[in-house]
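An overview of the molecular structure
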Amino acid sequence: MIMKIYFAGSIRGGYDDFYPQIITLLQKYGEVLTEHIGDKSLSRIGETKLTDEEIYKRDMQWLNAADVIVAEVSTPSLGVGYEIGKAENRKPILCIYREQNNARLSAMISGNPNFVIKKYSDLNQVEEILEKFFNNYASKEAVDN
Ligand code: 6IA
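Let me sum up the structure you'll find in this document. Note that the structure is predicted; figures quoted are calculated from it, not measured. For every chain, the first residue of its written sequence is number 1, and the numbers climb from 1 along that sequence. In keeping with the predicted nature of the model, local features appear solely for residues at pLDDT of at least 70, side-chain atom pairs appear and are counted solely at 80 or more, and the whole-chain, interface and lining totals rest on all residues. For the side-chain quantities, the full set of heavy atoms in the structure was used; hydrogens and water were omitted.

A look at the nonpolar core
The biggest cluster of nonpolar side chains holds 24 residues, and the ones touching the most others in it are Ile5, Phe7, Ile22, Leu26, Leu130 and Phe134. Listed by contribution, the elements that provide at least two residues to this core are strand S1 (4-9), helix H1 (19-26), strand S3 (68-72), strand S4 (93-98) and helix H6 (123-144). Where helices and strands are cited, they refer to DSSP runs of H or I of at least four residues and of E of at least two residues respectively, numbered from the N terminus. Take this core: its biggest share by element is 6 residues, from H6. Counting 18 residues, the second-largest nonpolar core is a separate cluster that includes Ala66, Ala71, Val73 and Cys95. Nonpolar cores are built from buried Ala, Val, Leu, Ile, Met, Phe, Trp, Tyr and Cys residues. Side-chain atoms within 4.5 Å join them into one set. Note on classification: 1.4 Å probe, protein chains only; a residue is buried when its accessible area is under 20% of the maximum for its type, exposed when over 50%, partly exposed between these limits.

Thoughts on the pattern of salt bridges
By definition, a salt bridge exists where a carboxyl oxygen of Asp or Glu is found within 4 Å of a side-chain nitrogen of Lys or Arg. In the structure shown here, the tally under the stated rule is 3 salt bridges. Arg12 is the partner of Asp52 in a salt bridge, and the nearest nitrogen-oxygen pair spans 3.1 Å. On the criterion of sequence distance, the pair formed by Asp52 in helix H3 (residues 52-65) and Arg12 in the loop between S1 and H1 is long-range, its members being 40 residues apart. Measuring nitrogen to oxygen at the nearest pair gives 3.3 Å for the salt bridge that ties Glu99 to Lys119. In this pair, Glu99 is assigned in the loop between S4 and helix H5 (107-110) and Lys119 in strand S5 (residues 116-120), connecting sequence segments 20 residues apart. Given the relative accessible area of 47%, Glu99 is considered partly exposed.

As far as function goes, none of this settles anything; it's purely spatial.
As structure tokens, this is what we get:
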């Protein structure tokens, strides 16, 4: 079975240019349900043909279908906070975080023991973080089944 990965990243909260590369790295481990978040032209301001109601409905379906959530939390986003809050205690959640301009991560995320939180400064580090997280996840799955 191919793993389903929900990648969450700030859109209207502020778009981050690293998303396309992070999504490419994630595709090594499974299907990224939300790969459109890496589409720069569309996601600058969150414009799309879908209404907000349609976006919400589709994303909640994907969130429920996902085996694991990976959230890029460097840019504060109500949407990302909501998504990881909804998935908490139901799915493994990895939050990756890039320190920029001394901005500090919300204590509601950094202080939450249900999230695996990893800081990075470049994509090589993201690659290492993902490798460790997914290897760990795969070995837990093997024990559970
Ligand atoms: O509050 P934010 O907009 O920063 O919330 C971002 C999060 O909400 C992401 O993790 C997405 O899963 C979800 N989200 C918010 N807006 C959209 C959206 N807009 N499409 C899909 N998911 C969204 C349309 C732009 C899209 C074509 C890139």
